[in-house]
Amino acid sequence: MAYFLELVINGALTGLMYSLAALGFVLIYKSAGVPNLAQGAIVMLAGYVVWLIASFGIPVYLAIVLGAVVMFGFGLLTERILLRRMVGQPIIMIVMLTLGLEIFLRGFGPGMLGAAPKSLDLGIGLAPIIIGDIFINRAYLVGGTVAVLLIGASLLFFRTRLGTKLRAVSDDHVSSWAVGISVERAIGISWGLAGIAAVAAGTLWGSVQGVDWTLSTLLFPAVAVVILGGIDSIWGVLVGGLLVGILGSVIPGYLDSIVGGGTRDVVTSLIILLTMMIRPYGIFGREDIERI
Amino acid sequence: MFYRLAGVHHTRYETARALWPIPADRKQVIVAGLIALVAPFFLSTLYLGSYMLPWLIWSSAALSLTLLMGMAGQLHFGFASVMAIGAYTSIHLARLGIPFELALIGAGAMSAVIGTVFGAAALRVKGLYLVIATLAMQYLVDWVIINVPAISGGAQATLRTPEVSFLLFPIESLTSRYYLALGWAALLAVFLMNVKRTSFGRALTAIRDKDFAAAVIGVDPFRYKLMAFFTSSFMGGVTGAMLAFCFYRAVTPEQFSFNVSIQLVAMVLVGGLGSVIGGFLGAAFVLLIPIVLTNFVAGLAASGWLAISSNLLAHVPLMIYGALIIGFLLLEPLGLAKIYDNTRKYFLVWPFRHSRS
Amino acid sequence: MRKFKRGLLAVGLLAGVAFSGVAHAQDNEPIKFGLLQDFTAVYTFVSGEYNQGQQDYLTLINEEGGVDGHMVEAIVRDTGNEPQRGIEAYNRAREEGAILVDFLSTPVSRALVDRVLSDEIVMITALHGRGDASAGETFPYIFPMMATYWSQATVLAQYIKDNEGGLEGKKIALVHIDSPFGREPVPVLEDLAEKEGFELSTFPYPSPGNEQSAVWSEVRRFRPDHVMIWGAGGGQPVSVREAIRNGIPADQIYSVVWLAETDVENVGADVMTGVKRFEAVSTGTDNPILERIQETVIDADLGAGEADNVGTTYYNIGVATMAVAVEAARLALETEGAPLTGPKLKAGFEMIKDFNAERLMPPVTITAADHQGGGAGRVSQWNGEAWEPVGEWGAAYQDVVQMEIDAGAKAFAEGN
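Residues numbered from 1 in each chain as written. Chains lettered and ligands numbered in written order. Predicted model: local features only at pLDDT ≥ 70, side-chain atom pairs only at ≥ 80, totals over all residues.

### Some details on the nonpolar core
No. 1: Judged by nonpolar contacts, the single largest core of 357 residues is most densely connected at Ala197(A) and Ala181(B).
No. 2: With 17 residues, helix H1 (residues 2-32) of chain A is the single largest residue contributor to this core.
No. 3: Looking at this core, you find at least three residues from each of domain 1 (2-146 + 283-350) and domain 2 (149-279 + 378-396 + 403-413) of chain C.
No. 4: Leave out the neighbours within four places in its chain, and Ala197(A) touches Leu20(A), Leu23(A), Gly24(A), Leu27(A) and Leu150(A). (Core = buried A, V, L, I, M, F, W, Y, C linked by C-beta atoms within 7 Å. Buried ≥ 20, exposed ≤ 12 C-beta atoms within 10 Å, placed from the backbone. Helix = DSSP H or I, 4+ residues; strand = E, 2+ residues; numbered from the N terminus. Domains from an automatic or database assignment. Contact = placed C-beta atoms within 7 Å.)

### Some words on the domain arrangement of chain C
All names here are of chain C.
No. 1: Examined at the domain level, chain C breaks down into domain 1 (2-146 + 283-350) and domain 2 (149-279 + 378-396 + 403-413).
No. 2: Using only C-alpha atoms to locate each centre, domain 1 and domain 2 end up separated by 29 Å.
No. 3: Per-class residue counts for the side of domain 1 that touches domain 2 are four nonpolar, eight polar and two charged. (Nonpolar A, V, L, I, M, F, W, Y, C, P; charged D, E, K, R; others polar.)

### Notes on the interface of chain B and chain C
For an interface, size is often stated in terms of accessible area lost upon the parts coming together.
No. 1: Residue-level contacts link 37 residues of chain B with 35 residues of chain C.
No. 2: Mapped onto the side of chain B that touches chain C, the elements with two or more residues apiece are helix H3 (45-71), strand S1 (159-160), helix H13 (276-302) and helix H14 (310-331) of chain B.
No. 3: Ranked by residues supplied to the side of chain B that touches chain C, first place goes to H13(B) with seven residues.
No. 4: Across the side of chain B that touches chain C, the residue classes tally to 19 nonpolar, 15 polar and three charged.

### Quick notes on the packing of helix H4 (residues 79-95) of chain B against helix H5 (residues 100-122) of chain B
All names here are of chain B.
No. 1: The contact between H4 and H5 brings their axes to 8 Å, and the two run at 145 degrees. The two elements H4 and H5 cross, and the hand of that crossing is right-handed. Of the residues in H5, those touching H4 at Val82, Ile85, Gly86, Thr89, Ser90, Leu93 and Ala94 are Phe100, Ala103, Leu104, Gly106, Ala107, Gly108, Met110, Ser111, Ile114 and Gly115.
No. 2: Residue composition of the contact of H4 with H5, grouped by class: ten nonpolar, seven polar and no charged. (Axes fitted to C-alpha atoms, helices over the stretch in contact; angles between N-to-C directions. Left-handed = near helix turned anticlockwise from the far one by under 90°.)

### Quick word on the sheet that holds strand S12 (residues 387-389) of chain C
Working definition: the strands of a sheet are paired by backbone hydrogen bonds and lie parallel or antiparallel to each other.
Residues and elements named next belong to chain C.
No. 1: Strand order in the open sheet made by the seven strands is S7-S6-S8-S9-S10-S11-S12, with mixed pairing throughout. In the strand order of this sheet, the two ends are held by strand S7 (199-205) and S12, each with one partner. Strand-to-strand twist across the sheet, computed as the mean angle between neighbouring axes with direction ignored, equals 30 degrees.
No. 2: Pairing analysis gives two bridges linking strand S9 (residues 253-255) to strand S10 (residues 276-279), with the strands arranged parallel. If you follow tyrosine 254 over to S10, its bridge partner there is lysine 276. (Pairing = 2+ DSSP bridges.)

### Section: the interface of chain B and chain A
No. 1: In this assembly, 34 residues from chain B lie in contact with 38 residues from chain A.
No. 2: Going through the elements one at a time, helix H6 (127-147), helix H10 (211-216), helix H12 (258-271) and H14 of chain B are the ones with two or more residues in the side of chain B that touches chain A.
No. 3: If one sorts the elements of the side of chain B that touches chain A by residue count, H14(B) sits on top with 13 residues.
No. 4: When the residues that make up the side of chain B that touches chain A are grouped by side-chain class, the tally is 28 nonpolar, four polar and two charged.

Shown next as structure tokens:
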């Protein structure tokens, strides 16, 4: 039982860590309707940026704040320079553009700052939190808490005046223009916010595994989380993350020793397939009504 | 100038319906075909074996995928796994002593069946959700290949292709392998160009544009989507077998990893969705540009023009490659095929400019 | 400013190579080695330092007058771990006259085994590629030349047997990445478990290994006496951390060769104290070759990268691979004469006897039958500041390893 609980708790926390990477994806998709395949690379870049700032001797928590500012600016710029020029083009080409951006950043980050993994020490202790026979991973606990806070903040943000504008934009670009909302600005801001979410993901994952290009592979668990939860739902990020994390931890925890191979990716894949057969738009996703 | 239209009269429906009604296009195709045919005689082993041959095979893969993605509008992010199924099936069949020709068909059939099963599972969903369903296929197939030693070939996970012959020609020398790959690529190109003109192709296009609307006019989306998955996976399976027998000749699971799927999608998109010439151009871009850039940058560095650290040096090609993708898409979002098309249209009315579209 | 300096360094190196080439090229053809490695994808954790070590050693050899007056020229290209790019780079290097290639990428090496064998070009696969290529008769042109993963597992087991109170009745957990590389030690360890009477349990974690918490919950409940971690890159610090977090004492953690300074920095130098790893080449600058590199190459601004990397684990492995290769070239030139070709270089490799690169590595003897060179290594331990050897150079249970090699080679010879 303790084993089961430990798997559930640690799984839930890792799932929330994935949610951090997924949050930026949803923020952009929600407002701009662009599936940003470069989000993984942006997470990587954020990790590098925080590391770079910290390497000048600036305390790491201040570096995170500065990193957030830099990445907010980076998000704004990316939208302004690249994405805005693609407005109105087929969505699949915009996807391709983000893939190009991903490749570029994957070359740029490690190329400029060195490909060997960098260490990012947040000062989170290594000793686990022990409750009975359950060991809880302290780093993941911090990550999970940050994820919940950020997701909560995003939910609240969408209730503010600016957030309401963003929601209007996510509903319909043309009608938003009609009522005087600056769609461009709203989309720009959502890219900036995605940059900030990337700082959280990049820093926390970077402290766990080191900052190098492999941070950009976080995209795929993040996409799984997003699809499961619903691609345009903040709640979906939370629930999807928890589900992917818990199932991806509990089932392999019992199955691996029987099968004799790592089953996590297979289990997650199957779960995703099944979810989509039952709920094609994800758990919290908005079902689009198609008109002819 | 080149595309002189004056004097080209179509007096019969057959000529008007021909694949290339304009003589200049026909000539270009003939020249390209001739160059491809005599390439083994003037290209060195380096360029034939590591540029032309892989380019043709990857073009075949891009063409297979463009049927599904471009014509039927169904995204597929696990196409490398389809090719993997084909490659492994063909090797195991050939090892059992089954003639290579049949092994190729078997490879296609196996890929088609498995690909269609996943396609059927994924058909409830569209667009981005389809992406993740096909991604799941990639992970599942990878996992099975890696975890079943009988498929992957034991502890070293490497399977070498047995010696085979195709229609009595032994597929051993580089030249014979090149011609086989060329034949397959040409076959696919001709097939794709013609399929657009059949009722099947038109039905796919209708579904791509709006599947509900297609249903209203009597095209069964479910059936045609499945057929698209079937056809595309069949071609992908055979291409996988070609890749194994003609190019790698030793198959490992990494050759069909997730990255390859992404590269294939990139080939189709950069080339231009649903376009045959786009398939070739896209494959050339995605496959060869990184190689060319690596050599170019290394050459620059060796001649002292680029004085940077070796780490940055290794990453510069990646940056340029990403920037090129971005640049091309900003310049022409519809892909390289559209750039070709624009050029062609420009010369079609040259020296006038008015009908540039 | 540092960037600029590095740039200058690169120019210097290039100029140095170019001029030294010009100076001696008239009478002596240069020997070309193709170092076609993965600098941008999976192997980035090692290839930077590794390749720097290789280039610096070759520069040292050239500065000292080359091999019998022949300069050694490195052709360095990135393959991005993609087989098709590896094939292109290989064909190009071969046209440029390379007689030795080193890919440092298992997928690329595997894809090229057949080509290398038929083209008669030497491929060194130190610490990657197929372990069964140690069978020299089946793989005449492939030289693992350092302990294979099988030998690494046996050396670690032998260490536990000799220094940790025997193997009998112990519980050993193998926590590995779920890939062919991660599974490679499993058969050897299973044989040993039967032979020595310990209990082995394997715990695979999914690639890329940045998240392993579920696996370690299971490991903790297995209550192992010793843990072997078998991964590479970003998964390794995660493994060490998770192990310690789950109450496994640091000095009961044994790692495959891929655990180095960057991982220490990542985990934290004090947390890491006590962790042991297999070592194929000694680490640090306390060695005549490295002192000469420092003097002739680094101080003269001819280095291929940051001077801080000199003496790190992977740098020294790079130096060692080139030391063996250059020694082989020297022997080949001595007995077979110039110009050097693939078959001559192969013969040179097979003449290497008790070569230890001035104590940088265990004595290696490569024969026509044994391309692994003995499979020796040692165990070293992180003492808080450096990797400190805690055992002598030596090989262990080579009979068990040989069984695996023979089985693999037999399958290859039959067409697999």
